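An overview of the molecular structure
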Amino acid sequence: MSVEVGVRALEEVMLDEALDLVLDSALARLNAHNVPDGLLDGVEFIERGDRTNRAPKYPAIILTTGIANPVDTTAVTAKYDVPLRIWSQVYTSRPAEGESVARLFAIIIMPIV
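**Focus on the nonpolar core**
Residues Leu23, Ala26, Leu27, Leu30, Leu40, Val43, Ile46, Ile61, Leu63, Phe105, Ile109 and Ile112 constitute the largest nonpolar core, which totals 12 residues. When residues of this core are assigned to their parent elements, the largest contribution, four residues, is made by helix α1 (residues 15-32). Apart from residues lying up to four places away in sequence, Leu30 is in contact with Leu40, Ile46, Ile61, Leu63, Ile109, Ile112 and Val113.

**Here we look at the sheet that holds strand β7 (residues 84-89)**
Paired through their backbone hydrogen bonds, the strands of a sheet run either parallel or antiparallel. Here three strands make up an open sheet; going across it, the order is β3-β4-β7 and the pairing mixed. The sheet is open, and its two borders are formed by β3 (45-48) and β7, each paired with just one other strand. Taken pair by pair, the neighbouring strands of this sheet meet at an average axis angle of 15°, ignoring direction. Two elements, β3 and strand β4 (residues 60-65), share four bridges in a ladder whose sense is parallel. The residue of β4 that forms the bridge with Glu47 is Ile62. Packed onto the sheet, helix α2 (residues 95-112) meets β4 and β7 and runs at close to 140° relative to β7.

**Focus: the environment of Ala102**
Structurally, Ala102 can be placed in helix α2. Along the sequence, Ala102 and Ser88 sit 14 residues apart, while their C-alpha atoms lie 5.4 Å from each other. Residue contacts for Ala102: discarding those within four places in its chain leaves Ser88 and Val90.

**Description of α1**
When the terminal C-alpha atoms of α1 are compared, their 26 Å separation across 18 residues agrees well with the 26 Å that a helix rising 1.5 Å per residue should span. What α1 keeps buried is the set Ala18, Leu23, Ser25, Ala26, Leu27 and Leu30.

**A look at the pattern of salt bridges**
Inspection of the entire model under this criterion finds seven salt bridges. For Asp20, the salt bridge identified is with Arg48, shortest N-O distance 2.8 Å. Separated by 28 residues along the polypeptide, Asp20 in helix α1 and Arg48 in strand β3 bring together distant segments of the chain. Residue classification places Asp20 among the partly exposed residues on the basis of a relative accessible area of 26%. When its relative accessible area of 2% is taken as the criterion, Arg48 is described as buried. Here Arg51 ties to Asp20 by a salt bridge, and the two come within 3.2 Å at their closest N and O atoms. Here Arg51 is found in the loop between β3 and β4, whereas its partner Asp20 is found in helix α1, with 31 residues between them in sequence.

What counts and how
- Residues numbered from 1 in each chain as written.
- Predicted model: local features only at pLDDT ≥ 70, side-chain atom pairs only at ≥ 80, totals over all residues.
- Heavy atoms only, no water.
- Core = buried A, V, L, I, M, F, W, Y, C linked by side-chain atoms within 4.5 Å.
- Buried < 20%, exposed > 50% of the residue type's maximum accessible area, 1.4 Å probe, protein only.
- Helix = DSSP H or I, 4+ residues; strand = E, 2+ residues; numbered from the N terminus.
- Contact = heavy atoms within 4.5 Å.
- Pairing = 2+ DSSP bridges.
- Axes fitted to C-alpha atoms, helices over the stretch in contact; angles between N-to-C directions.
- Expected span 1.5 Å × (residues − 1).
- Salt bridge = Lys/Arg side-chain N within 4 Å of Asp/Glu carboxyl O.

Encoded structure:
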């Protein structure tokens, strides 16, 4: 399986290792923008969903993957399409405002990862 992480391609990687590399890379990219005056300034919680055991502080961004769908398999190799899921969550007593802010975070996040 070949996985693009940043600018380097990794060959012969097991699926679980490839998913870890992709999630860790996306997490590092998001955290790099979570600085004062950064694109994600004010986000209180950025975590991998499979690695956290604590309740998020809001606003929050949580990364997970979807189901791995095989797209090309042979006797010795397999290629998968795996969606990266990014959850932006905001807590507020005004649902319409919270949805708008969560959508704004989603729009900001997409080019980063």
